[in-house]
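Each chain is listed here by its residues.
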Amino acid sequence: MSAPARPLRIGIMGGTFDPIHHGHLVAASEVQSVFELDEVIFVPTWAQPFKKDHRVSPAEHRYLMTVVATASNPRFTVSRVDIDRGGTTYTIDTLHDIGAEYPGAELYFITGADALAQILTWKDSDEIFDLAHLVGVTRPGHALTESGVPRDRVSLLEVTAMAISSTECRRRVSQGVPVWYLVPDGVVQYIRKYGLYRMPLRPSSATS
Ligand code: ATP
Ligand code: MG
């Protein structure tokens, strides 16, 4: 007898991914396994409302690094919805667009503790909770709290701590320090091939 049909479970991991690193990948993999997600979609942003004064790499580079990093995992895919929409990226629009591609699916929006702490300040946060279940994952240096999100709409998950940030990866590359094993091998090679992050960081981007 075949198993009863259940709605597709789709994870969504939004990010600047400048560059994508093993912290993102471990968190996504853990949530996929715990919530038995059929797919986790990585969605590189176009312009992040909270990063407007930072220098961010061109979207095509961030998109392609995300494709390279996720290619070997059959449950991981990458979506261009935020890049193709352009303008400021709001999670509410991401959820509407992905939801339209997967009618009837349950959406799980995955965020690190730092992003979860800000979520009530996001555009249309009430509607975000209607459209998706939030999964907050641990991130070293940031406390994991529900942050006032409705209890039945959020799950908190302790994932293996990976003290990696894109900011630190960019800083290392700009100083000629290796990023091997912090990001997937193909991403190390992509960064080198296109000479990304060679310029020293501006002070404003050193703390995100
Ligand atoms: P930056 O330093 O440029 O802000 P970042 O490392 O924070 O980069 P983002 O692209 O801003 O990466 O993050 C996308 C999502 O991944 C956010 O929800 C963030 O909280 C989460 N995240 C980033 N790094 C980690 C990590 N090491 N562990 C768990 N979650 C993470
Ligand atoms: Mg960040």
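Look above for the structure.
What you are looking at is a predicted structure, and each value in this text was computed from that prediction instead of being measured.

Reading guide: rules and limits
- Residues numbered from 1 in each chain as written.
- Chains lettered and ligands numbered in written order.
- Predicted model: local features only at pLDDT ≥ 70, side-chain atom pairs only at ≥ 80, totals over all residues.
- Heavy atoms only, no water.
- Pairing = 2+ DSSP bridges.
- Helix = DSSP H or I, 4+ residues; strand = E, 2+ residues; numbered from the N terminus.
- Axes fitted to C-alpha atoms, helices over the stretch in contact; angles between N-to-C directions.
- Parallel < 35°, antiparallel > 145°, perpendicular 65-115°, else oblique.
- Left-handed = near helix turned anticlockwise from the far one by under 90°.
- Contact = heavy atoms within 4.5 Å.
- Core = buried A, V, L, I, M, F, W, Y, C linked by side-chain atoms within 4.5 Å.
- Buried < 20%, exposed > 50% of the residue type's maximum accessible area, 1.4 Å probe, protein only.
- Expected span 1.5 Å × (residues − 1).
- Salt bridge = Lys/Arg side-chain N within 4 Å of Asp/Glu carboxyl O.

### Re the sheet that holds strand 2 (residues 39-44)
So, step 1. One open sheet holds the 6 strands; their spatial order is 3-2-1-4-5-6, and the pairing between them is parallel. Edge positions in the sheet fall to strand 3 (76-78) and strand 6 (154-157), since each has one partner strand and no second. The average angle at which neighbouring strand axes cross in this sheet is 25 degrees, direction not considered.
So, step 2. Here strand 4 (residues 106-112) pairs with strand 5 (residues 132-137) via 6 bridges, running parallel. Across the sheet, residue F109 finds its bridge partner in strand 5, namely L134.

### Description of the packing of helix 2 (residues 59-70) against helix 8 (residues 185-194)
So, step 1. In contact at an axis separation of 9 Å, helix 2 and helix 8 are set at 150 degrees when each is read in the N-to-C sense. In terms of axis orientation, helix 2 runs roughly antiparallel to helix 8. Our pair here, helix 2 against helix 8, has a crossing hand that is right-handed. Taken together, the residues of helix 8 that come into contact with helix 2 (itself represented by E60, H61, L64, M65, V68 and A69) are G186, V187, Y190, I191 and Y194.

### Details of the nonpolar core
So, step 1. I20, V31, V40, F42, M65 and V137 are the most contacted members of the largest nonpolar core, which has 31 residues in total.
So, step 2. With sequence-adjacent residues up to four places away left out, V31 is seen in contact with E36, L37, I110, V135, V137 and L157.
So, step 3. One finds I98, A105, A113 and W122 within the second-largest nonpolar core, a separate group that totals 22 residues.

### Overview of the pairing of strand 5
Looking along a regular strand, one sees the side chains alternate between the two faces of the sheet.
So, step 1. Among the 6 residues that make up strand 5, 6 are buried, leaving the element largely enclosed by the rest of the structure.
So, step 2. Alternating positions in strand 5 separate into two faces, A132, L134 and G136 on one and H133, V135 and V137 on the other, with burial throughout.
So, step 3. One ladder, built from 4 bridges, connects strand 5 with strand 6; its direction is parallel. Residue pairing across strands places V137 opposite L157, the latter belonging to strand 6.

### Comments concerning helix 1 (residues 22-34)
So, step 1. With 13 residues, helix 1 extends 18 Å between its outermost C-alpha atoms, agreeing within 8% with the 18 Å of an ideal straight helix rising 1.5 Å per residue.
So, step 2. Those residues of helix 1 that sit buried are G23, H24, L25, A27, A28, V31 and Q32.
So, step 3. Once helix 1 ends, the next one or two residues include E36, with phi positive near 50 degrees.

### Quick look at the pattern of salt bridges
So, step 1. Tallied over the entire structure, the rule returns 10 salt bridges.
So, step 2. The shortest N-O distance in the salt bridge between R80 and E60 comes to 2.8 Å. With a gap of 20 residues between them, R80 in the loop between strand 3 and helix 3 (81-85) and E60 in helix 2 connect regions that are remote in the sequence.
So, step 3. By relative accessible area, R80 is classed as partly exposed at 26%.
So, step 4. For D124, the salt bridge identified is with K123, shortest N-O distance 3.5 Å.

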